[in-house]
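Spelled out from the first residue to the last, the chains are:
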Amino acid sequence: MHPRLSLAITTALLGLTPAAFPAAAQQAVREGFATARSGEAGAVFVPAGRYYPLYSTGADSAGIAVEAFRLDVRPVTVGEFLSFLRATPAWRKDAAAEALAGPGYLSRWPGPLDPGAAPLDRPVTEVSWFAARAYCRWSGGRLPTTDEWEYAAQAGETTRSTFRDATANQRVLRWLQGRAPADALPPVGTTDQNVLGLRDLHGLVWEWTADFNNQMLTGAGRDDRGLDRGLFCASGSVGTTDLSNYAAFLRWAHRTSLEGATSSPGLGFRCAR
Amino acid sequence: MRTLTSRSTLPFAALALTAALLGSACGAPDASESSTARAEAPAVSGASAHAHHSAAELEATEPAGPSLYVLDQAWTDQHGDTVLLSELAGRPRVVAMVYTHCTWACPRILADMKRIEAEFSDLSPERSPGFVLVSIDPARDTPERLAAFAESARLDPSRWTLLTAPDDQVLELSVLLGVKYRAAEGGEFSHSNLLTVLDEHGAVAARVMGLNSDPEPALQALREMTRATSE
């Protein structure tokens, strides 16, 4: 564990109760949490299972199988990304190649190693897909696939799957609608939480996935009988699509607007391991 | 964000979804669209056929935009040799992402590329554009398979480069080029049909979307890059 984080936790524990924490200790906890490298200690195990993507038609589809993997509890922070930049000068904003990190890359940082007013425990945004991949590789992980991310996100607050659960889907939408503006994001770990122990999948930022660019909605397997090919190859019968998982549709639509070099204020990421 | 779920915007969102889905590739023909070529400063290239050392011999021409060769990956070609992406510099390139087991769309992509090749067949190999096929199916498209494919398709080795590399590297290049692909049933792939013309610096000079599209934007860009000489 990162030495500052363990010191911070020790300091906090010595304080015994939250009310007794000196302000300095609280600050230390926050900074330790923010600057510790997101890694195995900050990831949860997601067991193998199946999920139902937005184009599922329910009972006649077997869903998409996902193998077990580990996923970061919450998005990568400004502090963590700063550590990465210190270690990897090629990804500083004054050095990164234009084809790999567009004009918006860390555009609100006053300097290549200066995040300015952004507190270290906020989710890092304005990072391109290539930069996010480089961070995950540096930290010993990788970007999650879209299937992995969506599967993890389909877990609810108390159940493993919110598929066709109208109440649960409404809660997800409220988290989505309640997101803070991109220039006033709260610290990571403080919005939604699900039964897997994952946080901020809905209430904080959009997140990169490894195969965001390959979201073509054709059946990947023989068991995906639920897919209506006519919908995607000309007929446009939108009425047959189940839009109860509206949040998944919004995420799908958002991903179609992205390119690899896109760096935007409301878009961050977390790593799989 | 709040307005996205209001009653009045939901039909709009549904329309947007329809529009987005109709545009997605599904192994069937794309709607024909050609993108406009960017005007390209004429380039004189002293490149050898395999363009290994040409960067140092370049005239001082301005690239059309950011070079894609900053993603300097190591690929394996149809001869089993390692090729760094940056070694494609020094010569305009027409790049497509295909797979050799593709029986429908890829033969058409190949035909489109050969049409372009024919336009410049009067040029020597070093002065003509290079043609690059990158496999999206590295599990089956080994160097040996690529070599056999190149032979049966009669691809001139002084002009054609076929490349293979592990999946993650293919994904990275596909994102850089803007090519979408996804494994489908029975060993097939759904993939967008895109020809990308790169100038000798590796910047995108033209893109041709869809099968049997009008190649004129690509031809125009390539003419400017290969024929503007002192002759």
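Procedures and definitions
- Residues numbered from 1 in each chain as written.
- Chains lettered and ligands numbered in written order.
- Predicted model: local features only at pLDDT ≥ 70, side-chain atom pairs only at ≥ 80, totals over all residues.
- Heavy atoms only, no water.
- Helix = DSSP H or I, 4+ residues; strand = E, 2+ residues; numbered from the N terminus.
- Buried < 20%, exposed > 50% of the residue type's maximum accessible area, 1.4 Å probe, protein only.
- Contact = heavy atoms within 4.5 Å.
- Areas by Shrake-Rupley, 256 points an atom, 1.4 Å probe, with all protein chains shown as cover.
- Salt bridge = Lys/Arg side-chain N within 4 Å of Asp/Glu carboxyl O.

1. Topic: the overall build of chain B
- Regarding its fold elements, chain B presents five helices and 10 strands.
- Considering chain B as a whole, with its 231 residues, one finds that 52% of them fall into the buried category.
- For chain B, contacts bridging at least 24 residues in sequence account for 74% of all contacts bridging at least 6.
- Carbon and sulfur atoms make up 56% of the accessible area of chain B, which totals about 10200 Å².

2. Brief notes about the overall build of chain A
- Scanning chain A for helices and strands turns up eight helices and six strands.
- Listed N to C, the secondary structure of chain A is α-α-β-β-β-β-α-α-α-α-β-α-α-β in terms of helices and strands.
- Taking all 273 residues of chain A together, 52% fall into the buried category.
- Surface exposure of chain A reaches about 11500 Å², of which carbon and sulfur atoms provide 57%.

3. Section: the pattern of salt bridges
- Here the structure, examined in full by the defined rule, presents 16 salt bridges over all chains.
- A:Glu80 serves as the salt-bridge partner of A:Arg74, at 3.0 Å between the closest nitrogen and oxygen. The residues A:Arg74 and A:Glu80 share a single accessibility class, namely buried.
- Ionic pairing is found between A:Glu150 and A:Arg251, a salt bridge with its closest N-O pair at 2.7 Å. Residue A:Glu150 is found in helix H5 (residues 146–153), and its partner A:Arg251 is found in helix H8 (residues 246–256); the two are separated by 101 residues along the sequence.
- Classification of A:Glu150 as buried rests on a relative accessible area of 8%.
- A single network of salt bridges, built from pairs that share partners, joins A:Arg133, B:Asp168 and B:Glu172.

4. With respect to unusual backbone geometry
- Although it is not a glycine, A:Glu126 sits at a positive phi angle of roughly 55°.
- Within the secondary structure, A:Glu126 sits in the loop between helix H3 (78–87) and helix H4 (129–138).
- For A:Glu126, a relative accessible area of 4% corresponds to the buried category.
- Of note, B:Arg154 is a non-glycine position whose phi angle comes to about 55°, a positive value.

5. Considerations on the side chain of B:Ser174
- Its location among the elements puts B:Ser174 in helix H4 (residues 167–177).
- According to the relative accessible area criterion, B:Ser174 is buried, its value standing at 0%.
- For B:Ser174, the contacting residues outside a window of four places in its chain are A:Asn213, B:Met97, B:Val179 and B:Tyr181.

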